[in-house]
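# Remarks on the overall topology
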Amino acid sequence: MAMNHLSRLRPLLCQSLLRQVRSPLVAASRVSEPLLHPNTTVHPAACKRLYATKKAKAKAKGQSAKVNINAALVEDIISLDEVKGDMTAVLNALKDDFTRNLSIRTSPGALDHIVVTTQDGKFPLNQLGQVSMKSPQLIMVNMSSFPEATAAATRALRESSMNLNPEVDGTIIKVPVPKVTREHRENLAKLAKQFGNKAKDSLRKVRSTAVTQVKKTKEAHSEDTIRLVEKQIQQMADNIAVDIDKQLAAKTKELLG
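This report concerns the structure included in the present document. (Residues numbered from 1 in each chain as written. Predicted model: local features only at pLDDT ≥ 70, side-chain atom pairs only at ≥ 80, totals over all residues. Heavy atoms only, no water.)

Attention now goes to the sheet that holds strand 4 (residues 138-142). Strand order in the open sheet made by the four strands is 3-4-6-5, with antiparallel pairing throughout. Where the open sheet ends on each side, the last strands, each with one partner, are strand 3 (130-135) and strand 5 (167-169). Strand-to-strand twist in this sheet, taken as the mean axis angle between neighbours without regard to direction, amounts to 25°. When strand 3 meets strand 4, the two strands line up antiparallel, connected through five bridges. Note that in strand 4 the partner of Ser135 across the bridge is Leu138. Its contacts with the sheet place helix 5 (residues 150-158) against strand 5 and strand 6 (172-176), and it is angled at close to 10° to strand 6. (Pairing = 2+ DSSP bridges. Helix = DSSP H or I, 4+ residues; strand = E, 2+ residues; numbered from the N terminus. Axes fitted to C-alpha atoms, helices over the stretch in contact; angles between N-to-C directions. Contact = heavy atoms within 4.5 Å.)

So, about the pattern of salt bridges. If you walk through the whole model with that rule in mind, you get eight salt bridges. With a shortest N-O distance of 3.8 Å, Lys174 and Asp169 are connected by a salt bridge. Residue classification places Asp169 among the partly exposed positions, given a relative accessible area of 47%. One salt bridge in this structure joins Arg227 and Glu223, with 2.8 Å as the shortest N-O distance. Here Arg227 pairs with Glu223, and both are found in helix 7 (residues 223-256), just four residues apart, close to one helical turn. Classification of Arg227 by relative accessible area gives partly exposed; the value is 42%. When salt bridges that share partners are traced, they join Glu223, Asp224 and Arg227 into one network. (Salt bridge = Lys/Arg side-chain N within 4 Å of Asp/Glu carboxyl O. Buried < 20%, exposed > 50% of the residue type's maximum accessible area, 1.4 Å probe, protein only.)

Moving on, we come to the side chain of Ser160. Within the secondary structure, Ser160 sits in the loop between helix 5 and strand 5. At a separation of 2.8 Å, a polar atom in the side chain of Ser160 contacts the main-chain carbonyl oxygen of Leu157. (Polar contact = N/O pair within 3.5 Å; in protein donor to acceptor, adjacent residues only side chain to side chain.)

For the rest of this paragraph, the subject is the nonpolar core. If you look at the biggest cluster of nonpolar residues, it comprises 32 residues, and the most contacted ones within it are Ile78, Met87, Leu102, Val229 and Ile233. For this core, the secondary structure elements donating two or more residues are helix 3 (80-101), helix 6 (182-215) and helix 7. When residues in this core are grouped by element, the largest group, 10 residues, is from helix 6. (Core = buried A, V, L, I, M, F, W, Y, C linked by side-chain atoms within 4.5 Å.)

This is how it looks when you write it as structure tokens:
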């Protein structure tokens, strides 16, 4: 009889012991279970520590977070729209310099930018004389409407950056068109670089003036706010500097052919 009772209890005892043995393991597994998506398959052998490579670090260092401040929220510090306008004006002035001074194509309009200084003030050449093309190699300037300004106009042509050698015949100024040689193209490319450097100097002055204005308000605003505004100004200047480089590269390619 006792053996019969023991045989009946044996399965129950085994199940109880099995629960006691498994309980700590189950609890431990629940504690150490990673926070993954339920359907995620974990391959222990494939897990490894990820290290940032030197290339990734350099890329991260060179790429700072972009700033996009609402200009209306910082109007009491500085007008970002005015700063952007001043910076854009620098770029537009460079484009104008390139168009007026660095053209290898000859036309009557090539002399429109020449400014003549007279006793009555400064005037564009095309307001004092009639400019026309006598031939592809010769430009004529008729000064009969203002003959007293003939000498001043001749001097302005000679002192321009276009390498001109005008000749005076009464009230007519003859302007031989220089032959476009390789040396002339290279000189124009050097002049283009000078214009580009001048534009970057002007851009730095605009940025410096703006940053100085921002710093004057640091007592009335938090340090973080001032830093963000300064960063926005620097970012605007960087964007214009990139455009200046693009304009210079395009002009240099045009000049050198």
